[in-house]
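Working through the structure, step by step
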Amino acid sequence: MTRRSITKRAAVVTATALVAVGSLAVGVSSAGPESAPRPVPKTSKARIAGLFDGWNAALRTGDAETVADRYADDAVLLPTVSNKVRTDHAGIVDYFEHFLVNKPTGRKIQTIVNVLDGNSAIDTGVYEFTLTDPDTGAKRLVKARYTYEYEKRGGEWLIVNHHSSAMPEG
């Protein structure tokens, strides 16, 4: 192959590539706004704060699976009355099987909600639980700090991270 034919061949390859790229660019730019991804509208802070009510209602069923179903499969739970970090559905069920024996009833004292976007939000604050001793029936109040991180998955708001810790000063 001569130097001239190599140069000619390189020119043809370059021209073909430019035509292909130009055609692709025209196709993309003429696709129009209907094919562009639509932004997901943010949800309200009240909607996110209200997710606790559903979680608290799940506690009142006394069924650990019902409570655990409010968590994503890959959720992390740092619970109030256990030192063990729960990182899967089975671990979360196990925690609630033990926690629900105390017939917990939760109530938010303070809540701060940050809606990050249409599919994620954080609810953090202070809540308290009334726990009933299964043997004596005696009630005790546990006040704790909490953080719930939610993600909307498959159209449903799920807990992806839940941290709860008893207040250090009682």
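Residues numbered from 1 in each chain as written. Predicted model: local features only at pLDDT ≥ 70, side-chain atom pairs only at ≥ 80, totals over all residues. Heavy atoms only, no water.

Together, Asp63, Glu65, Asp69, Glu97 and Glu156 make up a region of like negative charge exposed at the surface. One can find Glu97 in helix H4 (residues 89-99). Under the relative-accessibility criterion, Glu97 is labelled partly exposed at 46%. (Patch = residues over 30% accessible without salt bridge, like charges linked within 9 Å, V, L, I, M, F, W, Y side chains within 5 Å. Areas by Shrake-Rupley, 256 points an atom, 1.4 Å probe, with all protein chains shown as cover. Salt bridge = Lys/Arg side-chain N within 4 Å of Asp/Glu carboxyl O. Lys, Arg positive; Asp, Glu negative; His and termini not counted. Charge placed at Lys NZ, Arg CZ, Asp CG, Glu CD. Helix = DSSP H or I, 4+ residues; strand = E, 2+ residues; numbered from the N terminus. Buried < 20%, exposed > 50% of the residue type's maximum accessible area, 1.4 Å probe, protein only.)

Below, the discussion takes up the sheet that holds strand E5 (residues 156-166). Pairing is mixed across the open sheet formed by five strands, whose spatial order is E1-E5-E4-E3-E2. A single partner strand is all that each edge strand has here, and the edge strands are strand E1 (71-78) and strand E2 (105-117). Taken over all neighbouring pairs, the strand axes of this sheet differ in orientation by 20° on average, direction set aside. Pairing of E1 with E5, which is carried by four bridges, proceeds in the parallel orientation. Within the sheet, the bridge partner assigned to Leu77 lies in E5 and is His162. Against the sheet, helix H2 (residues 45-60) touches E1, E2, strand E3 (120-132), strand E4 (139-153) and E5, its axis set at about 140° to E2. (Pairing = 2+ DSSP bridges. Axes fitted to C-alpha atoms, helices over the stretch in contact; angles between N-to-C directions. Contact = heavy atoms within 4.5 Å.)

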